[in-house]
Amino acid sequence: MTAPPPPSVRARRGPPLSGTTLVPGDKSISHRAIMLGGIATGPTSIKGLLESEDIAATMAALKAVGASVRHDPQTQNWTVEGPGLENLQESDSVLNMGNSGTSARLLIGLLGARPMTSFFAGDASLQKRPMGRVIEPLTQMGLTFMARHQGRLPLAVCGKGPLRPINYRLPVASAQVKSAILLAALSIEGTSTVIEPIPTRDPTERMLRAFGADIHVEKTAAGTHAIHLQGRPKLTGQKINVPGDISAAAFPLVAALLSEGSAITLQNVGINERRAGLITSLLEMGGNIALENKRTHGGEEVADLHVKGSKLHGITIEKERAPSMIDEYPILAMAAACAKGTSRFKGLEELRVKESDRLTLVAAGLRQAGVDVAIEGDDLIIHGNGMPPKGGALINAALDHRIAMSFLILGMLTDQPITIDDASPIATSFPNFIPLMTKLGGNIA
Ligand code: S3P
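Residues numbered from 1 in each chain as written. Predicted model: local features only at pLDDT ≥ 70, side-chain atom pairs only at ≥ 80, totals over all residues. Heavy atoms only, no water.

Trainee: Can you tell me about the sheet that holds strand β1 (residues 9-12), naming the residues and giving the values?
Mentor: Strands belonging to one sheet form pairs held by backbone hydrogen bonds; the direction of such a pair is parallel or antiparallel. With mixed pairing, four strands are arranged side by side in an open sheet as β22-β23-β1-β24. The open sheet has two edge strands, β22 (394-395) and β24 (443-444), and neither has a second partner. Here β1 pairs with β24 via two bridges, running antiparallel. In the strand pairing of β24, Ala11 is matched with Ile444. Lying on the sheet, helix α11 (residues 401-411) is in contact with β1, β22, β23 (418-420) and β24; it crosses β23 at an angle near 160°. (Pairing = 2+ DSSP bridges. Helix = DSSP H or I, 4+ residues; strand = E, 2+ residues; numbered from the N terminus. Contact = heavy atoms within 4.5 Å. Axes fitted to C-alpha atoms, helices over the stretch in contact; angles between N-to-C directions.)

What follows is the structure, encoded as structure tokens:
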């Protein structure tokens, strides 16, 4: 029997974009809300949760270890209730993380430190991603692993040994590694410390604090952050409001900037400074973005983004900004391809180990679409001439949602359409991407 062909999708040039929309809930916050809700005492209710495949993987895992997750279709609220961290049960089946690196790394820490054995599997993309970065510190804490070469999934982890707190300096700027350690540390008596040379996104720290953990962050003059967490806290269920995800807003935002005459509003978008590097960069490129109605929503700073079609110019972005916009380089590369002049994005080695090798795929796809692009070491260099390239490419999305969405946005601007071989991975983070873009005037089908 032959498999059905993958669902290819094509984007064509259309009219200027207009309208006002909400974007899906923040993916990082949604994962943590389910995880902490599932181990706290008492119910946690969540408003604005991202409803996507990656979050479904996290939910399924929490259910498999004894938590309940319920959806109220009337209020759109989700309620998570767990047996308490100490009472999680060993899952009697393999925990399937699908495409989600965040689910895998965080749950390996959280569940791996329990006195039970957990088996983790993932799809073809996740099987290629490095888990050694969490296995190494978690092994220092006393967890034991059985994993494939270089720590690839599938793997098994067991927390039955004597476990000890850790003092760990992150060798890579990774919120997932930081979070895996902190979530493991919850099961271990004593204070664990994670040192971040460059601050990364902080939803784990914020949410642990909100649930009642004893966590504090010490900032040094050199810009380093030391996060101290006391093990075995009493966590209590909370009410969580999830803001819109800037990583999802990034797609309509760049589409509107690049399409002459466009004017859109993206409401209630999280603008936490650890996440907002894209906005800083697009403003530096000359983008017309106004952040209005700034307020706090669920403990996070949010704003409505008013975006207008703009003439962009190339910029250089230093490596230090990368953690605050790590998921946004593919879509920013599309903006650079249409901007006037050269852009250089420095120090992008982490892009090689995302859902795909994004550095290679972005460069290859742009080249196919007629853009002059180069990779020098870990830098991406894009020469734009102030207008969209010719397009006309068939892009291999390689199970990567952000590669798929980024090239569809480019295809909304180019002379010739751009086709994505398989758009199904978009459902991992932004299931309503095509209807949302279509409602704003985009031509994607
Ligand atoms: C995430 C952290 C980032 C990011 C990912 C979500 C998180 O990964 O790319 O999409 O929720 O902690 P790294 O920590 O590997 O940079």
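There's plenty left to go through after this.
Trainee: Talk me through the packing of aromatic side chains; I want residue IDs and the actual numbers.
Mentor: Scanning all chains against the criterion turns up three aromatic pairs. Measuring from centroid to centroid gives 6.0 Å for Phe251 and Phe433, while their planes differ by 80°, and the two rings are edge-to-face. Placement of Phe251 in helix α7 (residues 246-258) and of Phe433 in helix α12 (residues 433-439) is noted, with a sequence separation of 182 residues between them. Judged by relative accessible area, which is 1%, Phe251 ranks as buried. The class for Phe433 is buried, based on a relative accessible area of 0%. Seen from their ring centres, Tyr329 and Phe345 are 5.8 Å apart, and the 50° between their planes marks the pair as tilted. Of this pair, Tyr329 sits in helix α9 (residues 329-338) while Phe345 sits in strand β19 (residues 340-345), and the two are 16 residues apart along the sequence. Neither Tyr329 nor Phe345 differs from the other in exposure class; each is buried. Grouping aromatic residues by their ring pairs yields a cluster made of Phe251, Phe430 and Phe433. (Phe/Tyr/Trp six-rings, centres within 6.5 Å; stacked < 30°, edge-to-face > 60°. Buried < 20%, exposed > 50% of the residue type's maximum accessible area, 1.4 Å probe, protein only.)

Trainee: Help me get a handle on the site of the ligand, residues and values and all.
Mentor: All residues in the neighbourhood of the ligand are listed as Lys27, Ser28, Arg32, Thr102, Ser174, Ala175, Gln176, Arg201, Ile326, Asp327 and Lys354. Here an oxygen atom of the ligand sits 2.9 Å away from a polar atom, N or O, in the main chain of Ala175. Take Asp327: an N or O atom from its side chain is 2.6 Å from an oxygen atom of the ligand. Considered on its own, the ligand offers 390 Å² of accessible surface; in the complex 96% of this is hidden by protein. Listing elements by their share of the shell around the ligand, those giving two or more residues are α1 (27-39) and α5 (175-185). Within the shell around the ligand, the residues separate by chemical class into two nonpolar, four polar and five charged. (Near = heavy atom within 4 Å. Polar contact = N/O pair within 3.5 Å; in protein donor to acceptor, adjacent residues only side chain to side chain. Areas by Shrake-Rupley, 256 points an atom, 1.4 Å probe, with all protein chains shown as cover. Nonpolar A, V, L, I, M, F, W, Y, C, P; charged D, E, K, R; others polar.)

The values reported here are purely geometric and, on their own, carry no functional implication.
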